[in-house]
Amino acid sequence: RIHKMEEIDDQTFFRYCLLTLIFSGPPTAVALKFLQAPYGKHNRTGWGPTLYPPIAWFLMESPTLWLTLLLFPFGRHSLNPKSLLLFSPYLLHYFHRTIIYPLRLHRSSSSSSAKNSFPVSIAAMAVTFNLLNAYIQVRWVSHYKNDYEDGQWFWWRLIIGMVVFIAGMWINITSDRTLVRLKKENRGGYAIPRGGWFELVSCPNYFGEVAEWLGWAVMTWSWAGIGFFLYTCSNLIPRARASHRWYTDKFKDEYPKTRKAVIPFVY
C-alpha cells in the first residue's frame with residue numbers, strides 16, 4: 001500500500017511538472033519579445049555577478065546528465081533496450097552541450113572574453129529549467145511511457161524522429177562552431193557569418209536546436225516531448241529574431257537582405 005501511495009504521489013508530481021513546462025512557453029515567448037537574456041551579443045550590465053562563460057554553460061547544462069544518472073535506474077523501463085535507445089539522443093545532445101561546447105568556448109576565449117561574461121542569474125534560471133525538463137524527460141522515457149511493445153509503429157517513430165534530430169544536431173553544432181571560430185578570429189568581436197545554413201538564416205544554430213527537439217517529440221510521441229519542443233520554440237525563436245535585428249542594425253547594408261531570422265525562406 002505504501003508503494004502504491006508513493007507511485008500516485010510521483011504521478012501527481014510528474015503531471016504538475018509537465019503542465020508547468022507546457023504552460024510556461026507562451027509567457028516566455030511574450031517576455032522575450034521585449035527583453036533578451038543578457039549573454040552573447042545581447043550582453044549588457046546590470047544583471048548582477050557574472051561567471052566565465054564556459055563554466056556557466058557547464059554548470060547550467062550539467063543537471064541533464066547527473067539527474068539522468070540519479071533517476072533513470074529507478075524507472076520500470078530502465079533495463080528495456082528500447083528505453084535506453086530512445087533516450088540516447090537526449091544524452092548525446094547534452095553531453096555535447098555540457099562537456100564539448102564549454103571546452104570549445106574555453107579554447108577560443110581571449111582576453112576580451114571578460115566583456116562577454118555570463119550573468120549568474122541567467123545561469124540559475126537555466127539550471128531551474130533543466131532540472132524541471134530533465135525530470136520530465138527522464139521519468140517519461142524510463143517509467144511512464146507504455147508503448148514500447150507497440151511493434152513497427154514504435155520503430156517508425158524512432159527512425160523518423162532520429163533522422164530529424166541528427167540533422168538538427170549537425171546544423172546546430174556546425175553553426176556554433178562557425179560562430180566560435182569567427183569570434184576567435186575577431187578577438188571577441190563579431191563579423192557576418194558566411195557559408196552553410198548562414199546563407200539562409202541568421203541563427204541556424206537555433207534552427208538546428210528547434211529541429212532536434214521536434215525530432216525528439218516525434219521519437220517520444222508524448223506531451224513531454226511536445227512540451228519541450230514548444231518551450232524551445234518559445235525561447236529560441238524570439239531570441240533569433242532579436243539577433244537578426246542586431247545583425248542588421250550593426251552591419252546595415254552589408255548584411256544579406258535575403259536572410260531570414262531562424263526558419264529558412266519563412267521567418
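Residues numbered from 1 in each chain as written. Predicted model: local features only at pLDDT ≥ 70, side-chain atom pairs only at ≥ 80, totals over all residues. Heavy atoms only, no water.

An unreviewed UniProt entry annotates the protein as Steroid 5-alpha-reductase DET2 of Thlaspi arvense. Regarding the protein, the UniProt comment filed under Catalytic activity (unreviewed entry) reads as follows: "a 3-oxo-5alpha-steroid + NADP(+) = a 3-oxo-Delta(4)-steroid + NADPH + H(+)". In its Sequence similarities (unreviewed entry) section, the UniProt entry covering the protein states "Belongs to the steroid 5-alpha reductase family." (UniProt positions renumbered as here; feature names shortened; annotations may be inferred.)

**Structural notes on the environment of E212**
Structurally, the position occupied by E212 is in helix 7 (residues 204–220). Separated by 122 residues in the primary sequence, E212 and Y90 place their C-alpha atoms 9.2 Å from one another. The residues touching E212, leaving out its near neighbours within four places in the chain, are H93, F165, G168, M169 and N172. (Helix = DSSP H or I, 4+ residues; strand = E, 2+ residues; numbered from the N terminus. Contact = heavy atoms within 4.5 Å.)

**Focus: the UniProt feature "domain: 3-oxo-5-alpha-steroid 4-dehydrogenase C-terminal" (unreviewed entry) in the protein**
UniProt records the feature "domain: 3-oxo-5-alpha-steroid 4-dehydrogenase C-terminal" (unreviewed entry) at residues 117–267, using the numbering of this structure. Summarising residues 117–267: 70% helix, 1% strand, and an end-to-end C-alpha distance of 30 Å.

**Remarks on helix 4 (residues 81–108)**
Spanning 28 residues, helix 4 covers 39 Å between terminal C-alpha atoms, matching the ideal 40 Å at 1.5 Å per step. The largest bend along helix 4 measures about 35° and falls at R97. Of the residues that open helix 4, the one with a side-chain oxygen 2.9 Å from the backbone nitrogen of K82 is N80. (Expected span 1.5 Å × (residues − 1). Bend = angle between axes of the 7 residues up to and from the residue. Polar contact = N/O pair within 3.5 Å; in protein donor to acceptor, adjacent residues only side chain to side chain.)

**Observations regarding helix 5 (residues 120–144)**
Across its 25 residues, helix 5 extends 34 Å between first and last C-alpha, which sits within 8% of the 36 Å expected from 1.5 Å per residue. The element helix 5 is extensively covered by neighbouring structure, given that 18 of its 25 residues are classed as buried. (Buried < 20%, exposed > 50% of the residue type's maximum accessible area, 1.4 Å probe, protein only.)

**Some points on the side chain of S62**
By the secondary structure assignment, S62 is in the loop between helix 2 (53–61) and helix 3 (63–71). A relative accessible area of 11% means that S62 is categorised as buried.

**Notes on the pattern of salt bridges**
Throughout the structure, instances matching the rule amount to eight salt bridges. A salt bridge links D176 to R97, with the nearest nitrogen and oxygen atoms 3.3 Å apart. Of the two residues, D176 is situated in helix 6 (residues 152–185) and R97 in helix 4; the sequence distance between them amounts to 79 residues. Across the pair, exposure class does not vary: D176 and R97 are buried alike. Where E185 meets R181, a salt bridge forms, and the shortest distance between an N and an O atom there is 3.3 Å. Placement of the pair is E185 and R181 together in helix 6, with a separation of four residues, close to one helical turn. (Salt bridge = Lys/Arg side-chain N within 4 Å of Asp/Glu carboxyl O.)

**Some remarks on the UniProt feature "transmembrane region" (unreviewed entry) in the protein**
UniProt annotation of "transmembrane region" (unreviewed entry) refers to residues 12–35, 55–72, 84–102, 122–142, 154–173 and 213–237 when read in the numbering used here. As annotated, residues 12–35 has a helix share of 88% and a strand share of 0%, and its two end C-alpha atoms lie 34 Å apart. Within the segment residues 55–72, helix and strand shares are 89% and 0% respectively, and the terminal C-alpha atoms sit 26 Å apart.

**Concerning the nonpolar core**
One finds Y90, I136, V141, W213 and W216 to be the most contacted residues of the largest nonpolar core, which totals 37 residues. Secondary-structure elements contributing two or more residues to this core are helix 1 (2–32), helix 3, helix 4, helix 5, helix 6, helix 7 and helix 8 (223–251). With nine residues, the single largest contributor to this core is helix 5. When near neighbours in sequence (up to four residues on either side) are disregarded, W213 contacts Y90, H93, Y94, F165, G225, F228, F229 and T232. Formed by 12 residues, the second largest nonpolar core is a distinct cluster that contains A56, L105, F118 and I122. (Core = buried A, V, L, I, M, F, W, Y, C linked by side-chain atoms within 4.5 Å.)

**Some thoughts on unusual backbone geometry**
Even without a glycine there, the phi angle at W221 is positive, about 50°. Within the secondary structure layout, W221 lies in the loop between helix 7 and helix 8. Its identity as a non-glycine residue notwithstanding, F265 has a phi of 70°, on the positive side. Mapped onto the elements, F265 comes out in the segment after helix 8.

**Looking at the packing of helix 2 against helix 3**
Across the interface, helix 2 lies against helix 3 with an axial gap of 5 Å and an inter-helix angle of 30°. By the criterion of interaxial angle, the relationship of helix 2 to helix 3 is roughly parallel. Contacts between helix 2 and helix 3 pair L59, M60 and E61 from the former with P63, T64 and L65 from the latter. For the contact of helix 2 with helix 3, the per-class residue count stands at four nonpolar, one polar and one charged. (Axes fitted to C-alpha atoms, helices over the stretch in contact; angles between N-to-C directions. Parallel < 35°, antiparallel > 145°, perpendicular 65-115°, else oblique. Nonpolar A, V, L, I, M, F, W, Y, C, P; charged D, E, K, R; others polar.)

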